[in-house]
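# Tertiary structure, described
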Amino acid sequence: MRNRIIIILVFSLLSSGLWAQSAAVSPSRVYFNAEPGQTQSRRITVTNNSETSQVFTVSFADFSSPGQDGKTELQDPADNPQSATQWLSASPSLLELAPGESRDVEIVMQVPNVREANRVIWATALVRLARERTDPPGMADNALGFGIMHTFQFVIHIFQTPPSVTHRDARIISFTDAGKNEEGLRQIRLHVENTGEAIIDVAAYLEITNMRTGQTSRERARAFTTLPGHSRVIHFSLPANMAAGNYSILGVVDYGDRDAVIAAELELRID
């Protein structure tokens, strides 16, 4: 039995990798800004990059982003008070594409005219590549009583923000020296919380100033999205060639417009 299980697991992983290379879906995020009582539509494009015809299905699921690393976890709508799945539909929701063919799928958001519609909600569109159930090659017919359904799932994040929701705000919870990582690079840990009512798209970066020479450099911006009431932790690696000395490290968080910028400062010694 152990040998059979190992064969199935390996075959499944190889199949998933193959399907990942044989299809594409874009964009990875879809934004709506519908008023209560309004219907809006957006388009995603599904492409079959394989050499055979493929069948795709489109469905919807809710998600949460627990913890501080921004990872998505699918969840039951009953567990998400800001679920958008009940207001979403796809046309078509089932499509067969010839080799090399691309087709648009219309994602429709129908927002009811109710009080609950005056808030940010979110969901995911799940585009699944599916094939008929088959048995792994080289296994006898009586090896197991079932075959394997080859599938690969693409996840598109969907956000709906009514025009009335305009309050964007954020705070830096902590900005600290996190020591060295496995590569020996000094790490700076930045923890940002979304304290507003709207989704914020954040660009965070470091400004590094040598306190003896006054020379300043900037570490490239890290971009991420944070839901209301959620927070993210971002780690920056300082350059490996920094000269010994005292530095002022400024962590800058830009979350939307000219006035939506916050910062924190850390003094650090490099030996």
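The preceding data block contains the structure.
Read on for an overview of the structure. (Residues numbered from 1 in each chain as written. Predicted model: local features only at pLDDT ≥ 70, side-chain atom pairs only at ≥ 80, totals over all residues. Heavy atoms only, no water.)

## Structural notes on the environment of Leu-88
Along the chain, Leu-88 turns up in strand S6 (residues 88-91). Classification of Leu-88 by relative accessible area gives buried; the value is 10%. Taking the C-alpha atoms as reference points, Leu-88 and Ser-59, 29 residues apart in sequence, are found 9.2 Å from one another. Excluding its chain neighbours within four sequence positions, the residues that come into contact with Leu-88 are Phe-32, Phe-60, Ile-107, Val-108, Met-109, Ala-123 and Ile-158. (Helix = DSSP H or I, 4+ residues; strand = E, 2+ residues; numbered from the N terminus. Buried < 20%, exposed > 50% of the residue type's maximum accessible area, 1.4 Å probe, protein only. Contact = heavy atoms within 4.5 Å.)

## Considering the environment of Arg-42
Along the chain, Arg-42 turns up in strand S3 (residues 39-48). Setting aside anything within four residues of it in sequence, one finds Arg-42 in contact with Val-30, Tyr-31, Phe-32, Asn-33, Val-105, Glu-106 and Ile-107. Of note is the side chain of Arg-42, whose polar atom sits 2.9 Å from the backbone oxygen of Tyr-31. (Polar contact = N/O pair within 3.5 Å; in protein donor to acceptor, adjacent residues only side chain to side chain.)

## Notes on the sheet that holds S3
Two strands in a sheet stick together by hydrogen bonds in their backbones, pointing the same way (parallel) or opposite ways (antiparallel). A sheet is described by the order of its strands in space; here 4 strands give the open sequence S1-S3-S8-S6, paired in antiparallel fashion. For this open sheet the edge positions go to strand S1 (23-26) and S6, each flanked by a neighbour on one side alone. Across the sheet, the axes of successive neighbouring strands diverge by a mean angle of 25°, strand direction being ignored. (Pairing = 2+ DSSP bridges. Axes fitted to C-alpha atoms, helices over the stretch in contact; angles between N-to-C directions.)

## Digging into the environment of Val-30
In this structure, Val-30 sits in strand S2 (residues 29-32). Between the alpha carbons of Val-30 and Thr-124 there is a distance of 9.2 Å; along the sequence they are 94 residues apart. Once you skip the residues sitting within four places of it in the chain, Val-30 turns out to touch Arg-42, Ile-44, Ile-156, His-157, Ile-158 and Phe-159.

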